[in-house]
Amino acid sequence: MMDISESKRLAERSARVMPGGVNSPVRAFNAVGGTPRYIKKAEGRYLYDEDNNKYIDYIGSWGPMILGHNDKRVVSAVKKRIESGMSFGASTRLETDMAELICSLVPCVEMIRMVNSGTEAVMSAVRTARGFTGRDKVIKFEGCYHGHADTMLIKAGSGAMTSGVPNSLGVPSGCVSDTLLAVYNDVKSVEDLFKVYKDQIACVIVEPVAANMGVVLPEDNFLQSLRRLCDENGALLIFDEVITGFRLGIAGASGYFGIKPDLVTYGKIIGGGMPVGAYGGRRDVMSVVSPLGGVYQAGTLSGNPVAMQAGIAQLEILRDNPDIYDNINALGEYFRRGIEDIIERYSAPCTVNGIGSLLTLFFTSEKVRDYNTAALSDTAIFADYFNFMLDRGNYFGASQFEAVFVSSAHTREDIDKTLSDMEDYFKVR
Ligand SMILES: *Cc1c(COP(=O)(O)O)cnc(C)c1O
């Protein structure tokens, strides 16, 4: 067993002064038990904890670190920038550069507004859709996570799924009374809502690839049908691309699937590891945002120059090196094949879902295609597996319902090592 005494000490100190000892619930390891590892530094594909244990990192800060940690090109751009000041509360060239860059890379984005997190991006995009359409109701899907804005905290995925409390305390019923729930990959559930709430639905928000109930792929025509239903009913389609943006390819899921949403939300990758989010889309829709239009939205630190610099540096590397996507997608495929092979050889009651550099190993042999099938997973076995893998230096998300993220810093050798540990697990169990 690894020595984790320093992490243990830190966990005890943290628990006294922070709720659950953390600033974001999944970090507390409640779903898997054991001691969260306090990370001291990271380099490439590795994380190092306070006890100097080394892990192959399959989270990449939940997505942002697509180039691996501490990429020298990004870090040196940030270092240089920071010497000119950390925040001005006034417009900068970098914000224009960032907006032009995203608009040039993603065809469905004609105008964009930078914010500070994915949560803020979603909250603002939904407000914009409501402002533009003059309607209140919003359709979201069970198991899709869109951050922790009040309206979205109903049958959410991610931490809200493992804690077993899909609806948070402190969210007044009025805040979610206009949030309608549909079933992922079930077009009829959406059609029915459009019939019942005719001319009242402002938007449909969806993770084009769900990645917060574990990775769940959109089935044939699911996204196309959402596009059609929105068009027929005068509602807007919002792709929440906080994970898929700049990950499934330079134009994200909308580019990958060839579907144009009206609005799109970003976070994670676009900040290069800094706290950044953004929402953008059709020019006419974004024109209702203040000060051009009547939908208010603001931010003291929005478009922060250091954060913009980190994001621009990372996005430019991705733009200029398309082989990065070929590489990480191939690694993802290699990883999934390896897992499938192990499942078959050991008749493990598991299934693996994935696309590009994303995947999830579910501890259920059912096909996982929505919230209910994801929830069939045996989370107790997942917890056991997680701790076995962690102790051998494989760092996964501490919940069954998270994704594995492959970065361009990973190698086949890393994945072979992880697969071999995985095989040991299924051999013994
Ligand atoms: C992470 C995530 C969010 C929330 O982003 P934060 O930066 O954590 O607020 C929203 N939507 C999706 C799809 C996410 O994965």
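Residues numbered from 1 in each chain as written. Predicted model: local features only at pLDDT ≥ 70, side-chain atom pairs only at ≥ 80, totals over all residues. Heavy atoms only, no water.

### A closer look at the overall build of the protein chain
If you tally the helices and strands in the protein chain, you get 15 helices and 14 strands. A compact globule built from 429 residues would reach a C-alpha radius of gyration of about 22 Å, and the protein chain, at 21 Å, matches this within 12%. A burial count over the protein chain gives 57% of its 429 residues as buried. Put simply, of all contacts in the protein chain between residues at least 6 apart along the chain, 72% involve residues at least 24 apart. Distance from the positive charge centre (44 side chains) to the negative charge centre (52 side chains) of the protein chain: 3 Å. (Helix = DSSP H or I, 4+ residues; strand = E, 2+ residues; numbered from the N terminus. Rg over C-alpha atoms; globule rule 2.2 N^0.38 Å. Buried < 20%, exposed > 50% of the residue type's maximum accessible area, 1.4 Å probe, protein only. Contact = heavy atoms within 4.5 Å. Lys, Arg positive; Asp, Glu negative; His and termini not counted. Charge placed at Lys NZ, Arg CZ, Asp CG, Glu CD.)

### Considering the packing of helix H12 (residues 323-345) against helix H15 (residues 412-428)
One way to put it is that H12 packs onto H15 with a least axis distance of 10 Å and a crossing angle of 20 degrees. Overall, the two elements H12 and H15 adopt an arrangement that is roughly parallel. Seen from above, H12 lies across H15 with right-handed handedness. Touching Leu 331, Tyr 334, Phe 335, Gly 338, Ile 339, Ile 342 and Arg 345 of H12 are Arg 412, Ile 415, Asp 416, Thr 418, Leu 419, Met 422, Glu 423 and Phe 426, all from H15. (Axes fitted to C-alpha atoms, helices over the stretch in contact; angles between N-to-C directions. Parallel < 35°, antiparallel > 145°, perpendicular 65-115°, else oblique. Left-handed = near helix turned anticlockwise from the far one by under 90°.)

### Some points on the pairing of strand S7 (residues 201-206)
Where a strand is regular, its side chains alternate between the two sheet faces. Counted residue by residue, S7 has six buried out of six residues, so it is predominantly covered. Where S7 lies against strand S8 (residues 236-240), four bridges are found, and the strand directions are parallel. Looking across to S8, one finds that Ile 205 is bridged to Ile 238. Running through helix H8 (residues 222-233), the crossover from S7 to the neighbouring parallel element S8 is right-handed. (Pairing = 2+ DSSP bridges. Right-handed = clockwise from strand over helix to strand, strands pointing away.)

### Here's the deal with the sheet that holds strand S11 (residues 351-355)
The sheet built from three strands is open, its strands ordered S11-S12-S14 with antiparallel pairing. Whereas interior strands pair on both sides, the edge strands pair on one side only; in this sheet they are S11 and strand S14 (404-405). Note: S11 against strand S12 (residues 358-362), five bridges, orientation antiparallel. Following the sheet pairing, Ile 355 is matched in S12 by Leu 358.

### Considering the domain arrangement of the protein chain
Per the domain assignment, the segments of the protein chain are domain 1 (5-70 + 322-428) and domain 2 (72-320). One C-alpha centre belongs to domain 1, the other to domain 2, and the line joining them spans 25 Å. The partner domain 2 presents 41 residues to the 37 residues of domain 1 that form the contact. For the domain 1 and domain 2 pair, buried surface summed over both sides reaches about 3,200 Å², with 62% attributable to carbon and sulfur atoms. Taken as a group, Tyr 325, Ile 355 and Tyr 371 account for 24% of the area that domain 1 buries against domain 2, more than any other trio of residues on that side. Our enumeration of links across domain 1 and domain 2 arrives at two salt bridges. For Glu 43, the salt bridge goes to Lys 72, with nearest N and O atoms at 3.3 Å. Applying the counting criterion to the domain 1 and domain 2 interface returns twelve residue pairs in polar contact (both at pLDDT 80 or more). Elements with a minimum of two residues in the side of domain 1 that touches domain 2: H12, S11, S12 and helix H13 (371-374). (Domains from an automatic or database assignment. Buried area = accessible area lost by both parts, 1.4 Å probe. Salt bridge = Lys/Arg side-chain N within 4 Å of Asp/Glu carboxyl O. Polar contact = N/O pair within 3.5 Å; in protein donor to acceptor, adjacent residues only side chain to side chain.)

### A few points about the packing of aromatic side chains
Taken as a whole and judged by the stated rule, the model has 20 aromatic pairs. On the basis of an interplanar angle of 65 degrees and a centroid distance of 5.2 Å, the ring pair of Phe 388 and Tyr 425 is categorised as edge-to-face. Residue Phe 388 is located in helix H14 (residues 379-391), and its partner Tyr 425 is located in helix H15; the two are separated by 37 residues in the primary sequence. With respect to class, Phe 388 is no different from Tyr 425; both count as buried. For the cation-ring pair, Lys 41 lies above Tyr 48, with the distance from its terminal atom to the ring centre recorded as 4.9 Å. Here the basic side chain of Lys 54 rests over the ring of Tyr 46, its NZ or CZ set 4.1 Å away from the ring centre. (Phe/Tyr/Trp six-rings, centres within 6.5 Å; stacked < 30°, edge-to-face > 60°. Lys NZ or Arg CZ within 6 Å of the ring centre and 35° of its normal.)

### Regarding unusual backbone geometry
In this structure, Pro 291 follows Ser 290 across a cis peptide bond, with omega equal to 10 degrees. As for its position among the elements, Pro 291 is in the loop between helix H10 (283-286) and helix H11 (305-320). The phi angle at Asn 52 is positive, at roughly 70 degrees, despite the residue not being glycine. Inspection of the secondary structure assignment puts Asn 52 in the loop between strand S2 (46-49) and strand S3 (54-57). For Lys 268, which is not a glycine, the phi torsion comes out positive at approximately 45 degrees. Summarising the element assignment, Lys 268 is placed in the loop between strand S9 (263-266) and strand S10 (277-281). Lys 268 gets classed as partly exposed once you look at its relative accessible area, which sits at 25%.

### As for the pattern of salt bridges
Opposite charge on two side chains lets them pair, provided their charged atoms get close. As enumerated under the stated definition, the model contains 23 salt bridges in all. In this structure, Asp 262 and Arg 227 form a salt bridge, with 2.9 Å as the shortest nitrogen-oxygen distance. In this pair, Asp 262 is assigned in the loop between helix H9 (252-257) and S9 and Arg 227 in helix H8, connecting sequence segments 35 residues apart. Residue Asp 262 is classed as buried on the basis of its relative accessible area, which comes to 4%. Taking the shortest distance from any N to any O, the salt bridge between Asp 424 and Arg 392 comes out at 2.8 Å. Highlighted residues: Asp 424 in helix H15 and Arg 392 in the loop between H14 and strand S13 (394-395), separated in sequence by 32 residues.

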